[in-house]
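Here is what each chain is made of, one letter per residue.
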Amino acid sequence: MKILLKNAGLSEDTTLHDLRHTAATLMFEGNTHPKVVSEQLGHSSVSITLDLYSHMIPGLKDAGARTAQDVVESAIKANATQNKKPARTSNTIRSNKSR
């Protein structure tokens, strides 16, 4: 294995585990779907892969925060739209008094 590592320009201290982790990292950085990464690594479940490597998925936290923000903003807009009542003008007040 040391000859292969040397030919690849890698340290002789590199382990198979290091190479496996690097492969997973590169797949996630390339936006490979977690299910595909899980299958490539031979994990029995995608949840194992996500537990181990979710911190490697680019923008995952940012995407979650944006989604939460979008949901909250949509709820606020929907609530504001439902609670809108026509503004009362002086003409509306006069016409109601004359009835």
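Residues numbered from 1 in each chain as written. Predicted model: local features only at pLDDT ≥ 70, side-chain atom pairs only at ≥ 80, totals over all residues. Heavy atoms only, no water.

Engineer: Any chance you could break down the overall build of the protein chain for me, citing the residues and the numbers?
Structural biologist: Within the protein chain, the secondary structure is distributed over six helices and zero strands. Tracing the protein chain from N to C terminus, the helices and strands come up as α-α-α-α-α-α. Residues counted as buried form 14% of the 99 residues belonging to the protein chain. Across the protein chain, contacts joining residues at least 24 apart in sequence account for 20% of those joining residues at least 6 apart. Summed over all atoms, the accessible surface of the protein chain reaches about 8100 Å², with 56% contributed by carbon and sulfur. (Helix = DSSP H or I, 4+ residues; strand = E, 2+ residues; numbered from the N terminus. Buried < 20%, exposed > 50% of the residue type's maximum accessible area, 1.4 Å probe, protein only. Contact = heavy atoms within 4.5 Å. Areas by Shrake-Rupley, 256 points an atom, 1.4 Å probe, with all protein chains shown as cover.)

Engineer: Tell me what's going on with the nonpolar core, and back it up with residues and numbers.
Structural biologist: Listed in full, the six residues of the largest apolar core are Ala 24, Met 27, Phe 28, Val 37, Leu 41 and Tyr 53. Of all the secondary-structure elements, those providing two or more residues to this core are α2 (16-29) and α3 (34-41). Among the elements that make up this core, the one with the highest residue count is α2 (three residues). When residues no more than four places from it in sequence are discounted, the contact partners of Ala 24 are Val 37, Leu 41 and Tyr 53. (Core = buried A, V, L, I, M, F, W, Y, C linked by side-chain atoms within 4.5 Å.)

Engineer: Kindly report on the confidence of the model for the protein chain, identifying the contributing residues and their values.
Structural biologist: When pLDDT is averaged across the protein chain, the result is 78; 73% of the residues are at 70 or more. Of all secondary-structure elements in the protein chain, the lowest mean pLDDT belongs to helix α6 (residues 90-97), at 53, while α3 reaches the highest, 92. (pLDDT = per-residue confidence, 0-100.)

Engineer: Which residues make up the packing of aromatic side chains, and what values go with them?
Structural biologist: Summed over the entire model, instances satisfying the criterion amount to one aromatic pair. With a centroid separation of 6.3 Å and an interplanar angle of 35°, the aromatic rings of Phe 28 and Tyr 53 are classed as tilted. On the criterion of sequence distance, the pair formed by Phe 28 in helix α2 and Tyr 53 in helix α4 (residues 46-53) is long-range, its members being 25 residues apart. Across this residue pair, the class does not change: Phe 28 and Tyr 53 are buried. (Phe/Tyr/Trp six-rings, centres within 6.5 Å; stacked < 30°, edge-to-face > 60°.)

Engineer: Which residues make up the pattern of salt bridges, and what values do they have?
Structural biologist: All told, the structure shown has one salt bridge when counted by the stated rule. Its salt-bridge partner being Glu 39, residue Lys 35 comes within 4.0 Å of it at the nearest N-O pair. Note that Lys 35 and Glu 39 are positioned in helix α3 at a spacing of four residues, about one turn of the helix. What makes Lys 35 partly exposed here is its relative accessible area of 42%. (Salt bridge = Lys/Arg side-chain N within 4 Å of Asp/Glu carboxyl O.)

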